[in-house]
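Here's the letter readout for the chains.
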Amino acid sequence: MNWQFTLSGFLIGCLVGVTGMGGGSLLTPILVIFFGFKPTLAVGTDILHGAIFKSFGAVRHRRLGTVHLRLVVWMFLGSGPMSLLGVAVATWLSHHYGSAETIEAYAIGIALVIGGLGLVAKTFVKIGVQPDDAPFLLTNRDRLIAFALGATCGFIVGLTSVGSGTFFGLVMVMVFPLTVAKIVGTDIFHAALLLWVAGFGHLVAGNVDLHAMAWLLLGSIPGILLTSQFTLKVPERALRLGLAAVLMLSGIKLVDPPNSDWVIAAGAVVAGLAFATWALLQRRPRRPSAAETAS
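Below, the structure is looked at part by part. In this text the structure is predicted, and so the values were computed from the model without any measurement.

Cut-offs applied
Residues numbered from 1 in each chain as written. Predicted model: local features only at pLDDT ≥ 70, side-chain atom pairs only at ≥ 80, totals over all residues. Heavy atoms only, no water. Salt bridge = Lys/Arg side-chain N within 4 Å of Asp/Glu carboxyl O. Buried < 20%, exposed > 50% of the residue type's maximum accessible area, 1.4 Å probe, protein only. Phe/Tyr/Trp six-rings, centres within 6.5 Å; stacked < 30°, edge-to-face > 60°. Helix = DSSP H or I, 4+ residues; strand = E, 2+ residues; numbered from the N terminus.

A few words now on the pattern of salt bridges. Enumeration over the complete set of coordinates arrives at 1 salt bridge. The partner of D142 in a salt bridge is R141, and the shortest N-O contact between them spans 3.8 Å. For D142, a relative accessible area of 7% puts it in the buried group.

So, in structure tokens, the structure goes:
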């Protein structure tokens, strides 16, 4: 089964490299649904894998100058301690309740659905402050927002592994006047720090499959390094919406409401038809513009 882990890691690495988003959120449902991992073990393996994996992206963005380091520090002051609390709650549930795995599966599923909805909002949102390339100096209000954002989402990340990209990026794009490049860079750099703290907590608690993680890294690291070197022709908005659909369908599968299989099947069919339609439109010859005709 080792090559399946490596292939899954490579696909996730490619997704993060192309979009700059928290595609690692997909790993937990993949481990649970396709590889039969217990939810607690899937979360811990996902988080420690993400810590190593996203560190490569963090170093790259730091060198490019797309990281707002002061904002990272204030978010991490809240997210670091609260992520450890999330790890403690996840471990306590698994040790004290026979239904802990079901509880955490529900928590992961709900977080995935919320994350998918947040990603849709992040794709189309036009409200909030406008991005600016000028230096962004933090006010006391900005520091408070950053700390609260880190504390709230840090707990979710520690408990479920979901949210390191979607939730942080969504709030930052709405409340901070940063360009998209700086939001992505700041998000990834902070996520790497946060996941190292939460990942170490899960490792100590025995919630990490090191064998699976090693094979995942064998695929994910080359994937992000490869795809970060070029831009694919798939529009960024289409990629974001595709990821949001996968997140929400994975969440529905984990929550497993009545007729969930039909919902997932219908969603997969709609997504496939949408992608096929887009591919056909891309193959159609482009009509020359009036200016091109005149010349």
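Having put the structure on the table, let's press on.
Counted by the stated rule, this structure contains 2 aromatic pairs. Measuring from ring centre to ring centre gives 4.5 Å for F5 and F35, while their planes differ by 25°; the resulting arrangement is stacked. Residue F5 is located in helix α1 (residues 2-19), and its partner F35 is located in the loop between α2 (27-33) and α3 (39-64); the two are separated by 30 residues in the primary sequence. Given a relative accessible area of 5%, F5 falls into the buried group. Each ring, one from F5 and one from F37, has its centre 6.1 Å from the other, and the planes form 75°; the classification is edge-to-face. A residue pair is termed long-range when its members are at least 10 positions apart, and F5 in helix α1 and F37 in the loop between α2 and α3 qualify at 32 residues. Comparing F5 with F37 shows no difference in burial state: the two are buried. Each member of the aromatic cluster is reached from another via a ring pair, and the members are F5, F35 and F37.

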